[in-house]
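Below are the chains, spelled out letter by letter.
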Amino acid sequence: MMLIRRRWIKMSHNGILLLPGCGALSFSTDTFLNSMSMVLGNIIAHPSLSRGQASSSSSQSHSHSPFSHSPLSHSPLSPFSHVRYFTNDEGTSSPSGGGGGNGGASSSSDVSSEEEEDSSSSSSSNDPLSAALPVRANYTTQRRAGYAGGKFIAPVMQVLRLTDEQGKPVEESGEDVLDGSVFPDANTAVKLYKTMARLQVMDAIFYEAQRQARFSFYMTSAGEEATVVASAAALHDEDVIYAQYREQGALMWRGYTCQDFADQCYSNERDPNKGRQMPIHYGDKHKNFVTISSPLGTQLPQAVGHAYALRMEDDGLVASRRLDVSDDAAGEQHRRVVACYFGEGAASEGDFHAALNMSATLDTPVVFLCRNNGWAISTPAWPEQYKGDGIAGRGGSYGVRSIRVDGNDAVAVYVAVSQARAEAAETGTPRLLELMTYRRGHHSTSDDSTRYRGKASEIAREPVGRFAAYLKGLGWWSDDEDAEWRAECRAEAIDALREGESVSKPPISGLFEDVYKDMPWNISRQLDETLAHAKRFPEEVPHGVPLH
Ligand SMILES: Cc1ncc(C[n+]2csc(CCOP(=O)(O)OP(=O)(O)O)c2C)c(N)n1
Ligand SMILES: [Mg+2]
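Below is a short write-up of the structure. These numbers come from a predicted model, not from an experiment.

**Regarding the overall build of the protein**
- Secondary structure summary: the protein contains 17 helices and 15 strands in total.
- The burial tally for the protein puts 52% of its 548 residues in the buried class.
- Considering only contacts within the protein whose residues lie at least 6 apart along the sequence, 77% involve residues at least 24 apart.
- Surface accessibility of the protein: about 24600 Å² in total, with carbon and sulfur atoms responsible for 52%.

Below is the structure:
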């Protein structure tokens, strides 16, 4: 891996979303326990998950982490039993009255160090009232944030960008926050580009196939190829992925072929989910990719439950290493994390808030990956979905270290997710990344975006060409290779569709299997009734589905 230094760049923050008519899903403890027990079976909490040990593990941090907000720890020495203590970036504990008044942001992040110093100096750490504040704040005579002089002053998190719109590396400028960052080496970068290009080609061809009514539904990742593929490339294959529905690039990175995608879209008998799901609801146990579920936001608390389960398992297997040698590279390899993708629209659901809070308070290794593409179907993210500082701006309030990244910059996404993944594995705590991108296509094949916005193609945010330019600048890729690769991908996608269409469909009776070992009488009766109905009205049955 090549290690180089880069700097933070300011970039204007595009707005973001709201789901009209979508009631927020309330998330109950039962839901969480169900998702956990689904994953865990009968595993009993390992003693290393007790709060004291978990906290000591979570207090370790990278010295140059760009993620804001230190994790919490709880000191048994507090004179106030209800007072929480916080750990600063040096790993020492300080009472809540003396740790800086900005929510614990490191100087490399969203709030200036001047503000940190100023509000610290105005506090009195001997003041019992100050120490008893149940949030990380100081008393101050200054009005540096909040309402002041009729204006509202709030910090805005900057955007990490490492290559510009033309794919040129951004100049270094002296800040060292990315020292030690992992950049993609030549092999990884070329594989990453080839996957992005293959995804782009497959999406275009599958989209057209759906418009020809060859299957019922499709969604493209157009404009979000870097966001999805570069993040997946930075994960480990054993990490579990909970996706929303626009992350086929992550599955492709893990080796899901065009043929696998075509088989799922055609619901043929080779689909691992036996043709029971709508097109694009992919899932593959062997690739640690949990099957897509349409109701927005459900994957978020499920991911937290799964991460909690993984932590229990991994602690049971390597408990002594986990707690004693957490910076040991071999030990880190052993620990898995859960990556959870979601749109900024889904972040308006109650499940997002429940998941963030539980991931922080339970210390779970989840890497939350928000694709902020500016739209939730026809609803613009800003100002209809939120009026605050986007999604990353919410992380700090839950105690989750967060960062905002240029999601169309494959290099920045790879670097930021690599670091988030390593930190989550090492500390067993969550990270939140808001990847700023743009949905260039329609929401899905059921949508016509020209009804509510201008032509997306007029917006110059195209991540695949941008990354190709980066690779060409380094001498790792050429125009000839590009033309050859794209022709190959095109032939592959067309062949996959042709074959997917010709493979038999699973029979109707398959719909009634896999729930009970022995089919109960009432399900058996429903099966008979359904088959009788299908035989009576065969024109109602999708073409090619066997009537047995
Ligand atoms: C609970 C729920 N409410 C509404 C919908 C309908 N719906 C499907 S996708 C979508 C927009 C989601 O936007 P976002 O999370 O930003 O993802 P994007 O489509 O932009 O990738 C909506 C409202 C749904 N599937 N589930
Ligand atoms: Mg969106």
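**Some thoughts on unusual backbone geometry**
- Following Trp-382, the chain continues into Pro-383 via a peptide bond in cis, with omega recorded as 5 degrees.
- Among the secondary structure elements, Pro-383 is positioned in helix H12 (residues 381-384).
- The phi angle at Ile-280 is positive, at roughly 75 degrees, despite the residue not being glycine.
- Relative to the elements of secondary structure, Ile-280 occurs in the loop between helix H8 (258-265) and strand E9 (289-290).
- Given the relative accessible area of 1%, Ile-280 is considered buried.
- We note that Asp-363 has phi near 55 degrees; this positive angle belongs to a residue other than glycine.
- Topologically, Asp-363 is positioned in the loop between helix H11 (350-361) and strand E11 (366-372).
- Judged by relative accessible area, Asp-363 falls into the buried class, the value being 9%.

**Remarks on the nonpolar core**
- By size, the foremost hydrophobic cluster in this structure holds 76 residues, and its most contacted members are Phe-206, Tyr-218, Val-405, Leu-433 and Phe-467.
- At 13 residues, helix H5 (residues 186-211) tops the list of elements feeding residues into this core.
- The next biggest cluster of nonpolar side chains, apart from the first, holds 25 residues, and it includes Ala-307, Leu-310, Phe-342 and Val-366.

**Digging into the coordination of the magnesium ion (ligand 2)**
- Looking at the magnesium ion (ligand 2), the protein donor atoms are Glu-344 (OE), Glu-344 (OE), Asn-373 (OD1) and Trp-375 (O), and they sit 2.1 to 2.5 Å from it.
- In this structure, the magnesium ion (ligand 2) is surrounded by six donor atoms whose angles at the metal cover 52 to 174 degrees, and the resulting shape is irregular.

**Overview of the state of the cysteines**
- Throughout the structure, instances matching the rule amount to zero disulfides.
- No disulfide involves Cys-258; its sulfur sits 7.0 Å from the nearest other cysteine sulfur, which is in Cys-489.
- Here Cys-258 falls in the buried class, since its relative accessible area comes to 5%.

**Remarks on the side chain of Glu-247**
- Considering the arrangement of structural elements, one finds Glu-247 in the loop between strand E8 (240-242) and helix H7 (248-253).
- A polar side-chain atom of Glu-247 sits 2.9 Å from the main-chain amide nitrogen of Tyr-245.

**A closer look at the site of ligand 1**
- What surrounds ligand 1 is a group of 20 residues, the closest being Tyr-245, Arg-246, Arg-371, Asn-373 and Trp-375.
- Between ligand 1 and the protein, one listed contact pairs a nitrogen atom with a backbone N or O atom of Ser-294 at 3.1 Å.
- A distance of 2.7 Å separates an oxygen atom of ligand 1 from a polar side-chain atom of Asn-373.

**As for the sheet that holds strand E10 (residues 338-343)**
- Pairing in this open sheet of six strands is parallel, and the strands run E9-E8-E10-E11-E15-E14 from one edge to the other. A strand with exactly one partner marks an edge of an open sheet, and here the two such strands are E9 and strand E14 (401-406).
- As judged from the six bridges shared by E10 and E11, these two strands associate in the parallel manner. Among the inter-strand pairings, Phe-342 is bridged to a residue of E11, identified as Cys-370.

**Thoughts on the packing of aromatic side chains**
- Going through the model one piece at a time under the given rule, you end up with 11 aromatic pairs.
- Taking 4.9 Å as the distance between ring centres and 85 degrees as the angle between the ring planes, the aromatic pair formed by Phe-261 and Tyr-282 counts as edge-to-face. Taken together, the residues Phe-261 in helix H8 and Tyr-282 in the loop between H8 and E9 connect sequence positions 21 residues apart.
- Of the residues examined, Phe-261 reaches a relative accessible area of 0% and is grouped as buried.
- Over the face of the ring belonging to Trp-485 we find Lys-194, whose NZ or CZ atom lies 4.5 Å from the ring centre.

**With respect to a negative patch on the surface**
- Negative charge collects at one region of the surface, where Asp-480, Glu-481, Glu-484 and Glu-488 lie side by side.
- For Glu-488, the position within the fold is in helix H16 (residues 479-502).

Conventions we followed
- Residues numbered from 1 in each chain as written.
- Chains lettered and ligands numbered in written order.
- Predicted model: local features only at pLDDT ≥ 70, side-chain atom pairs only at ≥ 80, totals over all residues.
- Heavy atoms only, no water.
- Helix = DSSP H or I, 4+ residues; strand = E, 2+ residues; numbered from the N terminus.
- Buried < 20%, exposed > 50% of the residue type's maximum accessible area, 1.4 Å probe, protein only.
- Contact = heavy atoms within 4.5 Å.
- Areas by Shrake-Rupley, 256 points an atom, 1.4 Å probe, with all protein chains shown as cover.
- Core = buried A, V, L, I, M, F, W, Y, C linked by side-chain atoms within 4.5 Å.
- Donors = N, O, S within 2.8 Å, 3.2 Å for Na, K, Ca; no water.
- Tetrahedral: all angles 85-135°; square planar, octahedral: opposite > 155°, others 65-115°.
- Disulfide = S-S within 2.5 Å.
- Polar contact = N/O pair within 3.5 Å; in protein donor to acceptor, adjacent residues only side chain to side chain.
- Near = heavy atom within 4 Å.
- Pairing = 2+ DSSP bridges.
- Phe/Tyr/Trp six-rings, centres within 6.5 Å; stacked < 30°, edge-to-face > 60°.
- Lys NZ or Arg CZ within 6 Å of the ring centre and 35° of its normal.
- Patch = residues over 30% accessible without salt bridge, like charges linked within 9 Å, V, L, I, M, F, W, Y side chains within 5 Å.
- Salt bridge = Lys/Arg side-chain N within 4 Å of Asp/Glu carboxyl O.
- Lys, Arg positive; Asp, Glu negative; His and termini not counted.
- Charge placed at Lys NZ, Arg CZ, Asp CG, Glu CD.

Keep in mind these numbers describe shape, not what the thing actually does.
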